[in-house]
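Given next are the chains, with one letter for each unit.
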Amino acid sequence: MAGFPIEYASRINALPPYLFATIDEMKQRAIARGVDIINLGVGDPDLPTPAPIIERLKLAAAEPRHHQYPSYDGQLSFRQAVANWYKRRFGVTLDAGSQVLTLIGSKEGIGHVPLAFVNPGDIVLVPSPGYPVYPVGASFAGGTPHVMPLLKKNGFLPDLQAIPKDVAKRAKLMFLNSPNNPTAAVAGKDFFQRVVSFASEHQIIVCHDAAYSEIYYDGRRPPSFLEVEGAMDVGVEFHSLSKTFNMTGWRIGFAVGNKDVLAGLGKVKSNLDSGVFQVVQEAGILALESDDQLTDAIRKVYQERRDSLVPGLQSLGLEMEIPTAAFYVWVAVPRGYSSASFTAHLLEEAGIVTTPGNGFGEAGEGYIRMALTTPVERLVEAVERIKKAGF
Ligand SMILES: *Cc1c(COP(=O)(O)O)cnc(C)c1O
């Protein structure tokens, strides 16, 4: 039998180049040389899932009724736990049946939502630097991503006024992300209010990614998009248990907000997946009901790390905003370097892995991202190594 060339579809061939390939290669070579790498590159908590959540999983796993297909939209008890948590945390009332949708991690919902609303040629507004799933999800649906640059002069928030009128007219969806990965910027209610006006005027569905809403410092709790008037009419908010409870591997998240938007996303999902393992939903209920007890401890760890790394870097003359949320530090590269060359310098001369800002989109050029997913001792050592290496 004759073979034939296996050809990718154009949506795969059109994927942006993988900008972290060079840094991955350099990292592998350093490891092979025996370098003791300090990894500040990964956006994945190093801490384990809290024990009570694991215990709940074990108990739930023994129940045969949890072994069957779950309900597509998520079992009502999980969605009710989400609604209760939302009310306690943000003061927003949600109907568990129609305004909460369970997701296999928020990435799943973010990636799929354009399939429900974007037609070929429609524009999807995406922040840059940003989570790559926003533009990729848009492109997979046949849409055209339009970049909203996150600039220091705007507090790393999108400048809605800078979006050309004809682009706004053709835009179907807008992705936002606060607290932000990679910049750590937090949007206030005043910004969200402007978003609601803009979205209503141009009939754009807002998809706000709030995966880091519970990773905050100094007790300054970031607001939900749905807290502002009119938000429920124009959009949805994506949440995740991944970062909040150190559950990245468990794959559970949820979307809340406008019921018609959720119904559209639900239509895509019911044709592609079969929901979240009920055992994981049971553990998720326990997590949401225990909220501050578990999350206070997690926040404390990140805050200690932030308070070690940021002053350390500043003492070397590096420039950054002090993050008030998320577990990233968005560091401006020193004069004479690009994102790529500074990342390479830190790896080659100090054995430190960081992420080049331009890997999150062109507007991230001039920055690198450091993740606080490493113990304090290693962060202290990282600062010492950078001091020794110089720049
Ligand atoms: C980690 C992350 C997510 C969440 O991922 P899950 O699929 O819920 O694990 C979503 N958005 C951003 C910006 C993230 O960094």
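**Structural notes on the overall build of the protein chain**
On a plain count of helices and strands, the protein chain comes out with 14 helices and 13 strands. In terms of C-alpha radius of gyration, the protein chain reaches 21 Å, essentially the compact-globule figure of 21 Å for 391 residues. Oriented by its inertia axes, the alpha-carbon framework of the protein chain measures out at about 65 × 55 × 55 Å. Out of the 391 residues belonging to the protein chain, those deemed buried represent 54%. Sequence separation of at least 24 residues holds for 76% of the intrachain contacts in the protein chain that already meet a minimum separation of 6. Accessible surface computed for the protein chain: about 17,400 Å², of which carbon and sulfur atoms make up 54%.

**What to know about the site of the ligand**
With respect to spatial proximity, 14 residues lie near the ligand, and among them Asp209, Ser240, Ser242, Lys243 and Arg251 are the closest. Within the contact set of the ligand, an oxygen atom lies 3.3 Å away from a side-chain nitrogen or oxygen of Lys243. Here an oxygen atom of the ligand and a side-chain polar atom of Arg251 are 2.6 Å apart. Bound to the protein, the ligand loses 94% of the 390 Å² it would expose on its own. When residues of the shell around the ligand are traced back to their parent elements, those giving at least two are α5 (106-117) and α10 (241-244). Among the residues making up the shell around the ligand, the classes are represented as four nonpolar, six polar and four charged.

**Details of the pairing of strand β3 (residues 123-128)**
Most of β3 is tucked away, with six of its six residues classed as buried. Neither face of β3 is exposed, since Ile123, Leu125 and Pro127 on one face and Val124, Val126 and Ser128 on the opposite face are all buried. Relative to strand β4 (residues 144-149), β3 is paired through six bridges, and the arrangement is parallel. In the strand pairing of β4, Ser128 is matched with Pro149. In the classification by handedness, the crossover that spans β3, the intervening helix α6 (residues 133-140) and the parallel β4 is right-handed.

**A look at the domain arrangement of the protein chain**
Each assigned domain of the protein chain is listed with its residue range as follows: domain 1 (12-42 + 294-389) and domain 2 (51-289). One C-alpha centre belongs to domain 1, the other to domain 2; they are set 26 Å apart. Each side of the interface is counted separately: domain 1 has 27 residues, and domain 2 has 29 residues. Between domain 1 and domain 2, a total of about 2,600 Å² is buried, with carbon and sulfur atoms accounting for 64% of that surface. When the area that domain 1 buries against domain 2 is broken down by residue, the three leading residues are Arg299, Thr324 and Trp330, summing to 23%.

**Comments concerning the nonpolar core**
Among the nonpolar cores identified, the biggest contains 51 residues, and Leu125, Ile163, Met174 and Phe225 are the most heavily contacted of them. Going through the elements one at a time, α4 (76-90), β3, α7 (165-170), β5 (171-177), α8 (189-202), α9 (231-234), β8 (253-257) and α12 (278-315) are the ones with two or more residues in this core. The element contributing the most residues to this core is α4, with seven residues. Judged by nonpolar contacts, the second largest core, of 32 residues, contains Met320, Tyr328, Ile352 and Ala371.

**As for the packing of aromatic side chains**
Under the definition given, this model contains 18 aromatic pairs. Their ring planes at 80° and their centres at 5.4 Å tell us that Phe192 and Phe225 sit as a pair that is edge-to-face. Residue Phe192 is located in helix α8, and its partner Phe225 is located in the loop between β6 (205-209) and α9; the two are separated by 33 residues in the primary sequence. Accessibility expressed as a relative area gives 0% for Phe225, which makes it buried. Ring pairing ties together the aromatic residues Phe78, Trp85, Tyr86, Phe90 and Phe254, which thus form one cluster.

**Notes on unusual backbone geometry**
The omega angle of the peptide bond from Ser128 to Pro129 is 0°, so this bond is cis rather than trans. Looking at the secondary structure, you find Pro129 in the loop between β3 and α6. Omega for the bond connecting Ser178 with Pro179 falls within 30 degrees of zero, at -10°, which places this linkage in the cis form. As for its position among the elements, Pro179 is in the loop between β5 and α8. Positive phi, normally seen in glycine, also occurs at Asn246, with a value near 55°. In this structure, Asn246 sits in the loop between α10 and β8.

**Topic: the sheet that holds strand β12 (residues 355-356)**
If you walk across this open sheet you meet the four strands as β9-β10-β13-β12, and the pairing is antiparallel. Here the strands that pair on one side only, and so sit at the sheet edges, are β9 (319-320) and β12. Sheet topology places β12 next to strand β13 (residues 367-371); two bridges connect them, and they run antiparallel. Bridged to Pro356 within β13 is Ile368.

Calculation criteria
- Residues numbered from 1 in each chain as written.
- Predicted model: local features only at pLDDT ≥ 70, side-chain atom pairs only at ≥ 80, totals over all residues.
- Heavy atoms only, no water.
- Helix = DSSP H or I, 4+ residues; strand = E, 2+ residues; numbered from the N terminus.
- Rg over C-alpha atoms; globule rule 2.2 N^0.38 Å.
- Buried < 20%, exposed > 50% of the residue type's maximum accessible area, 1.4 Å probe, protein only.
- Contact = heavy atoms within 4.5 Å.
- Areas by Shrake-Rupley, 256 points an atom, 1.4 Å probe, with all protein chains shown as cover.
- Near = heavy atom within 4 Å.
- Polar contact = N/O pair within 3.5 Å; in protein donor to acceptor, adjacent residues only side chain to side chain.
- Nonpolar A, V, L, I, M, F, W, Y, C, P; charged D, E, K, R; others polar.
- Pairing = 2+ DSSP bridges.
- Right-handed = clockwise from strand over helix to strand, strands pointing away.
- Domains from an automatic or database assignment.
- Buried area = accessible area lost by both parts, 1.4 Å probe.
- Core = buried A, V, L, I, M, F, W, Y, C linked by side-chain atoms within 4.5 Å.
- Phe/Tyr/Trp six-rings, centres within 6.5 Å; stacked < 30°, edge-to-face > 60°.

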